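Survey of secondary and tertiary structure
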Protein chains: 2
Amino acid sequence: MTDYFKARINLEPSEVPKEWINIVPDLPTPMTPLVNPMDGKPAPPEMAFAIFPKECVLQEVSQERTIPIPNELREIYAKSYRPTPLHRALRLERELGTEGDDIKIFYKNESTSPTGSHKPNTAIAQAYYAKKDGLEELVTETGAGQWGSGLAYGCNLFDIKCTVYMVRASFTQKPGRKILMRCYNAEVHASPSRFTESGKLFLEKDPDHPGSLGIAISEAIEHSMSSDKIRYSLGSVVNFVLLHQTVIGQEAKIQLNKAGIKDPDIVIGCMGGGSNFAGLMIPFARDKLTGANSEIEIIGVEPRACPSVCKGQYRWDFGDTAMKGPIAKMHTLGHTFIPSPIHAGGLRYHGMAPIVSILNNNKVISATMHHQTEVIKAGIQFAKTEGILPAPETAHAIKEVIDQAIKAKENNEKKVILFNFSGHGYFDLLAYKEYMTGALEDYELPTESIKKALESEEMPKIDESQF
Amino acid sequence: MTDYFKARINLEPSEVPKEWINIVPDLPTPMTPLVNPMDGKPAPPEMAFAIFPKECVLQEVSQERTIPIPNELREIYAKSYRPTPLHRALRLERELGTEGDDIKIFYKNESTSPTGSHKPNTAIAQAYYAKKDGLEELVTETGAGQWGSGLAYGCNLFDIKCTVYMVRASFTQKPGRKILMRCYNAEVHASPSRFTESGKLFLEKDPDHPGSLGIAISEAIEHSMSSDKIRYSLGSVVNFVLLHQTVIGQEAKIQLNKAGIKDPDIVIGCMGGGSNFAGLMIPFARDKLTGANSEIEIIGVEPRACPSVCKGQYRWDFGDTAMKGPIAKMHTLGHTFIPSPIHAGGLRYHGMAPIVSILNNNKVISATMHHQTEVIKAGIQFAKTEGILPAPETAHAIKEVIDQAIKAKENNEKKVILFNFSGHGYFDLLAYKEYMTGALEDYELPTESIKKALESEEMPKIDESQF
């Protein structure tokens with residue numbers, strides 16, 4: 001007998017976590033540094049301070065296992081939307097035909113933030129530290145706009161200017177998030193733009209240039225260099241962003257305990273740059289590394305159209321196409337890789353967070369991948385059973401959850417599955433329309449051609465022995 | 001010193017109210033019945049049973065002061081999204097310059113439902129009763145789609161078919177909610193359609209007919225008559241819909257008490273058909289009527305483009321343009337009134353709930369109105385301070401809240417203001433874009449021309465002495 005009253009587990013606003021979990025000191029192999037593209041050496045702090053807010057740089061290289069969340073910041077989380085609810089997917093379980101309590105599916109609902117995803121978790125923190133540093137502006141790039149709207153929201157809370165370079169193709173085709181960013185006072189430019197030298201170069205070649213994330217990053221970095229009151233802001237990949245997201249997993253642990261569950265058996269999230277996945281799984285990955293619970297299976301889900309971990313190489317690579325930003329050691333498809341136009345814009349990044357890459361190399365986590373048609377189908381199944389329409393990114397995690405639940409059922413296993421419902425899909429309805437009208441396409445590059453492309457690409461020359 | 005940790009007041013899922021509040025027996029003047037358009041006499045139960053689920057009809061005419069909410073239904077509310085949070089608008093207060101705790105603004109956040117508004121409160125209840133009656137389908141009309149997506153969600157929860165006739169102009173221009181409804185398994189037709197006789201008539205005249213709510217209602221009613229396994233579903237106006245919404249005000253009362261506040265001084269909601277406003281205010285209106293607290297000021301906010309209470313007449317009128325549905329005694333602008341194309345589609349109804357009309361006649365509540373430009377401006381001010389972008393409908397309430405707070409501040413009064421945040425605006429971003437680009441227009445009909453139009457219109461012939 002299921003009890004629907006216990007299917008949604010809330011925490012009080014005062015239960016917002018008091019610290020972030022930094023997994024770097026517990027990693028089984030040493031953390032790799034961000035490298036200066038100018039000289040191939042680890043970026044010195046003074047260089048990083050010129051790019052990011054100071055406290056974020058200190059967090060990036062911190063060896064402390066936990067980092068306190070300032071109380072002022074906890075208050076803002078609490079006032080706005082945290083802790084987020086944990087739901088048991090009772091109706092999805094029933095639909096999958098899992099009997100009784102053998103298979104339990106839980107999801108952490110990050111879609112309840114004002115911009116509808118986990119992105120404000122780090123956006124608010126970065127804006128807070130920027131304000132403390134006396135900065136006047138944060139600048140970033142965005143594809144479909146999930147991150148851009150998160151940062152616009154965060155900056156507005158602290159009265160800091162926010163400038164967003166938005167890939168022109170999305171700027172034109174997906175006006176929703178652009179309007180939302182402007183409601184939060186952000187300045188949004190179609191990229192390539194006339195506001196930067198690099199933007200102008202691309203526009204000279206083609207006045208209707210559709211843009212790319214790589215170009216938008218170049219413009220944002222150039223813009224941030226124009227004044228010492230401006231810094232660049234990142235929404236994923238780097239350590240401090242993953243750190244800020246660990247509120248997700250910490251809350252989920254407490255909520256599972258409230259539901260009478262000590263630990264999940266399987267933890268699942270979708271991976272683009274890696275931040276929502278890491279935010280949920282880092283507390284559990286640390287338990288695996290410290291031996292507190294070595295049995296937890298942790299799975300990151302990629303699109304088959306952009307499988308950085310599943311099919312890429314682990315190596316030093318540029319974070320951006322224009323080779324202007326920091327170099328990181330990570331799983332990558334190559335910085336010139338242009339992913340197919342799948343709807344999960346947040347998963348169309350050529351690389352992967354170094355922390356996630358190291359955890360994968362050490363088999364603390366594993367990676368899998370799915371096609372967007374089966375993913376969107378799973379998203380609709382979720383909407384029909386649990387009521388909330390997932391973002392196409394989130395639907396990748398859901399597809400894997402359904403597969404794992406069915407496998408466990410077939411094997412007569414008992415499993416508790418936890419996944420991150422990273423965002424809702426109300427700005428991504430076109431993906432669902434295309435699925436329902438049969439217009440959705442799948443994309444997959446042959447492994448051989450990925451390998452060839454990687455080999456033909458200019459690689460950064462890094463001599464680790466010189467570090 | 002404000003405490004952000006106390007700015008969001010949650011209730012446990014088990015605290016979903018156990019009963020609805022029926023204000024009909026407490027009304028200062030007798031409730032007026034729904035009247036059969038065929039003979040001008042109160043619609044007999046057997047006629048109503050052919051239109052609505054049986055239990056809804058019994059609730060419509062009930063004289064009980066409270067009606068129990070079935071536990072199964074409470075479970076569904078709890079599993080899905082209820083109780084919704086109550087927020088204190090600390091950042092909006094600060095922006096308005098209200099010092100200390102003299103002016104407190106609270107909002108009940110109904111945007112946290114899966115479809116983003118209060119509509120599922122009644123949709124789930126109606127679908128539940130339809131299932132109990134052994135029905136196979138509910139059919140309704142929708143304008144912009146807030147109600148249609150709510151009903152699609154509710155029906156899907158109980159495996160009942162849902163058919164929605166959506167005004168063609170919205171069907172074409174606002175595809176978002178149409179896709180969402182289809183994700184919930186609903187059948188959505190552009191109205192006028194070829195599926196009904198009345199639809200065909202309009203299409204013969206004009207194959208590109210843009211449609212209207214009146215035509216869509218006619219089609220939905222005709223469709224519902226085609227089988228005894230199908231019923232018609234309404235999203236506002238009638239008593240049982242207002243009844244279902246009273247969970248909002250009951251929860252808000254408990255949450256205010258938790259915040260140390262016995263009663264608000266002012267209660268505000270926007271009014272289209274009246275259901276979200278009534279849902280919040282009915283528990284407080286009953287307190288006024290029973291003398292438990294006669295001081296509470298209750299204000300309904302209308303658009304200046306469609307001011308049924310502020311500028312209409314209180315009289316018998318048809319609920320729909322085609323004069324097929326029940327006749328009600330209410331404030332109305334006339335059933336042939338076509339409101340200007342304001343963005344707040346949910347407030348573009350010519351009439352007003354009879355319960356709200358009676359409360360207005362007896363000065364238990366009052367009504368006011370605002371222009372859409374000032375309303376959307378208030379909506380942006382809310383997004384910038386509180387983080388959530390309101391639906392254009394909800395922004396009407398916010399404009400009034402801001403005005404009341406400023407007035408109280410100027411008069412050095414202490415006020416607790418409570419309003420219903422009935423829905424978010426993520427499907428209505430065009431309104432905000434038009435505001436920011438200066439393209440938003442205001443509409444207001446001169447009082448004289450409203451009066452003339454009402455006088456020239458065919459009125460139902462009702463002899464109340466015959467009831």
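Rules used in this analysis
- Residues numbered from 1 in each chain as written.
- Chains lettered and ligands numbered in written order.
- Predicted model: local features only at pLDDT ≥ 70, side-chain atom pairs only at ≥ 80, totals over all residues.
- Heavy atoms only, no water.
- Helix = DSSP H or I, 4+ residues; strand = E, 2+ residues; numbered from the N terminus.
- Rg over C-alpha atoms; globule rule 2.2 N^0.38 Å.
- Contact = heavy atoms within 4.5 Å.
- Areas by Shrake-Rupley, 256 points an atom, 1.4 Å probe, with all protein chains shown as cover.
- Lys, Arg positive; Asp, Glu negative; His and termini not counted.
- Charge placed at Lys NZ, Arg CZ, Asp CG, Glu CD.
- Phe/Tyr/Trp six-rings, centres within 6.5 Å; stacked < 30°, edge-to-face > 60°.
- Buried < 20%, exposed > 50% of the residue type's maximum accessible area, 1.4 Å probe, protein only.
- Lys NZ or Arg CZ within 6 Å of the ring centre and 35° of its normal.
- Salt bridge = Lys/Arg side-chain N within 4 Å of Asp/Glu carboxyl O.
- Polar contact = N/O pair within 3.5 Å; in protein donor to acceptor, adjacent residues only side chain to side chain.
- Buried area = accessible area lost by both parts, 1.4 Å probe.
- Pairing = 2+ DSSP bridges.
- Axes fitted to C-alpha atoms, helices over the stretch in contact; angles between N-to-C directions.
- pLDDT = per-residue confidence, 0-100.
- Parallel < 35°, antiparallel > 145°, perpendicular 65-115°, else oblique.
- Left-handed = near helix turned anticlockwise from the far one by under 90°.
- Nonpolar A, V, L, I, M, F, W, Y, C, P; charged D, E, K, R; others polar.
- Expected span 1.5 Å × (residues − 1).
- Least-squares fit on C-alpha atoms with pLDDT ≥ 70 in both.

A word on the overall build of chain A
When helices and strands are counted, chain A shows 19 helices and 15 strands. For a compact globule of 467 residues, the expected C-alpha radius of gyration is about 23 Å, and chain A comes in at 21 Å, within 12% of that figure. For chain A, long-range pairs separated by at least 24 residues make up 77% of all intrachain contacts whose partners lie at least 6 apart in sequence. Of the roughly 16,700 Å² of accessible surface on chain A, 50% is carried by carbon and sulfur atoms. The positive charge centre, built from 51 side chains, and the negative charge centre, built from 58, are 3 Å apart in chain A.

Regarding the packing of aromatic side chains
Residues and elements named next belong to chain B. The full count for this structure, using the stated rule, is 24 aromatic pairs over all chains. Each ring, one from Tyr128 and one from Tyr129, has its centre 5.2 Å from the other, and the planes form 70°; the classification is edge-to-face. One exposure class covers both Tyr128 and Tyr129, and it is buried. Between Phe382 and Phe419 the ring centres are 6.1 Å apart and the planes differ by 80°, which places this aromatic pair in the edge-to-face class. Here Phe382 is found in helix H16 (residues 372-386), whereas its partner Phe419 is found in strand S15 (residues 415-421), with 37 residues between them in sequence. Taking the relative accessible area as the measure of exposure, Phe419 reaches 0% and is therefore buried. The ring of Phe49 carries the charged tip of Lys54 above its face, separated from the ring centre by 6.0 Å. Across the ring face of Phe171, the terminal group of Lys178 is positioned such that the distance to the ring centre comes to 4.1 Å.

Observations regarding the side chain of His244 of chain A
Tracing the backbone shows His244 of chain A in helix H11 (residues 239-245). According to the relative accessible area criterion, His244 of chain A is buried, its value standing at 0%.

What to know about the pattern of salt bridges
Residues and elements named next belong to chain A. All told, the structure shown has 36 salt bridges over all chains when counted by the stated rule. One salt bridge connects Glu93 with Arg88, and the closest N-O pair in it is separated by 2.8 Å. The same class applies to Glu93 and to Arg88, which are both buried. Close ionic contact of Arg315 with Glu457 constitutes a salt bridge, the shortest N to O distance being 3.1 Å. With a gap of 142 residues between them, Arg315 in strand S12 (residues 313-318) and Glu457 in the segment after helix H19 (447-456) connect regions that are remote in the sequence. The class of Arg315 is buried, set by a relative accessible area of 7%. With a relative accessible area of 9%, Glu457 lands in the buried category. Taken together, the shared-partner salt bridges connect Arg82, Lys108, Glu110 and Glu251 into one network.

Digging into the environment of Tyr184 of chain B
Locating Tyr184 of chain B in the fold gives a position in the loop between helix H8 (175-183) and strand S8 (187-191). Tyr184 of chain B sits in the buried class, given a relative accessible area of 1%. A sequence separation of 174 residues divides Tyr184 of chain B from Asn10 of chain B, and the C-alpha atoms of the two residues are 28 Å apart. With residues up to four places along the chain from it excluded, the contact list for Tyr184 of chain B reads Ala383, Lys384, Gly387 and Tyr426 of chain A together with Pro114, Thr115, Ser149, Ala152, Tyr153 and Asn156 of chain B.

Looking at the side chain of Thr142 of chain B
Residues and elements named next belong to chain B. Along the polypeptide, Thr142 turns up in strand S6 (residues 137-142). Engagement of the side chain of Thr142 in a polar contact is seen with the backbone nitrogen of Gly145, the distance being 3.4 Å. Non-local contacts of Thr142, meaning those with residues more than four positions away in its chain, are made with Trp147, Gly148, Val164, Tyr165, Met166, Val167, Met181 and Leu213.

A word on the interface of chain B and chain A
In this assembly, 51 residues from chain B lie in contact with 50 residues from chain A. In total, about 4,400 Å² of surface goes out of reach between chain B and chain A, with carbon and sulfur atoms giving 61% of it. Broken down residue by residue, the surface that chain B buries against chain A is led by Phe5, Arg8 and Lys79 of chain B, which jointly contribute 20%. At the surface where chain B touches chain A, the tally comes to 2 salt bridges. Here Lys79 of chain A and Glu386 of chain B are joined by a salt bridge, their closest N and O atoms 2.5 Å apart.

A few points about the sheet that holds strand S6 (residues 137-142) of chain A
All names here are of chain A. Taken together, the 4 strands give an open sheet; going across it, the order is S8-S7-S6-S9, and neighbouring strands pair in parallel fashion. Taken across any chain shown, the strands that pair with only one partner, and hence form the sheet edges, are strand S8 (187-191) and strand S9 (230-232). Averaged over all pairs of adjacent strands, the angle between strand axes in this sheet comes to 25°, irrespective of strand direction. Alignment of S6 against S9, held across 3 bridges, turns out to be parallel. Within S9, the residue paired with Glu137 across the bridge is Ile230. Along the sheet, helix H6 (residues 146-157) contacts S6 and strand S7 (161-167); its crossing angle with S6, the most-contacted strand, is approximately 165°.

Quick word on the confidence of the model for chain A
Residues with a pLDDT of 70 or more make up 99% of chain A, whose mean pLDDT is 94. As scored by the predictor, the complex reaches a pTM of 0.95 and an ipTM of 0.94.

Digging into the packing of helix H5 (residues 120-132) of chain B against helix H6 (residues 146-157) of chain B
Residue and element names in this part refer to chain B. Direction vectors running N to C along H5 and H6 enclose 40°, while the axes themselves pass 8 Å from each other. Relative to H6, H5 is oriented oblique. Here the hand of the crossing between H5 and H6 comes out right-handed. Of the residues in H6, those touching H5 at Pro120, Thr122, Ala123, Ile124, Gln126 and Ala127 are Trp147, Gly150, Leu151, Tyr153, Gly154, Cys155 and Leu157. Its residues assigned to classes, the contact of H5 with H6 shows 9 nonpolar, 4 polar and no charged.

Topic: helix H12 (residues 247-258) of chain A
Residues and elements named next belong to chain A. With 12 residues, H12 extends 17 Å between its outermost C-alpha atoms, agreeing within 8% with the 16 Å of an ideal straight helix rising 1.5 Å per residue. Along H12, the residues classified as buried are Val247, Ile248, Gly249, Gln250, Glu251, Ala252, Gln255 and Leu256. Following H12 by one or two positions, Gly260 has its phi on the positive side, about 85°.

Regarding the relation of the copies chain B and chain A
Of the two same-sequence chains, chain B is brought onto chain A (RMSD 0.0 Å, axial shift 0.0 Å) by a rotation of 180°. The operation mapping one copy onto its partner corresponds to a two-fold rotation axis. With an isologous cut-off of 70% or more, the 98% of interface residues of chain B that recur at the interface of chain A puts this contact in the isologous class.

Some remarks on H16 of chain B
Residues and elements named next belong to chain B. Taking 1.5 Å per residue, 15 residues should reach 21 Å; H16 reaches 20 Å between its end C-alpha atoms and fits that length. Residues of H16 that are buried: Gln372, Val375, Ile376, Ala378, Gly379, Ile380, Phe382, Ala383, Thr385 and Glu386. Once H16 finishes, Gly387 follows within two positions and takes phi at roughly 95°, a positive value.

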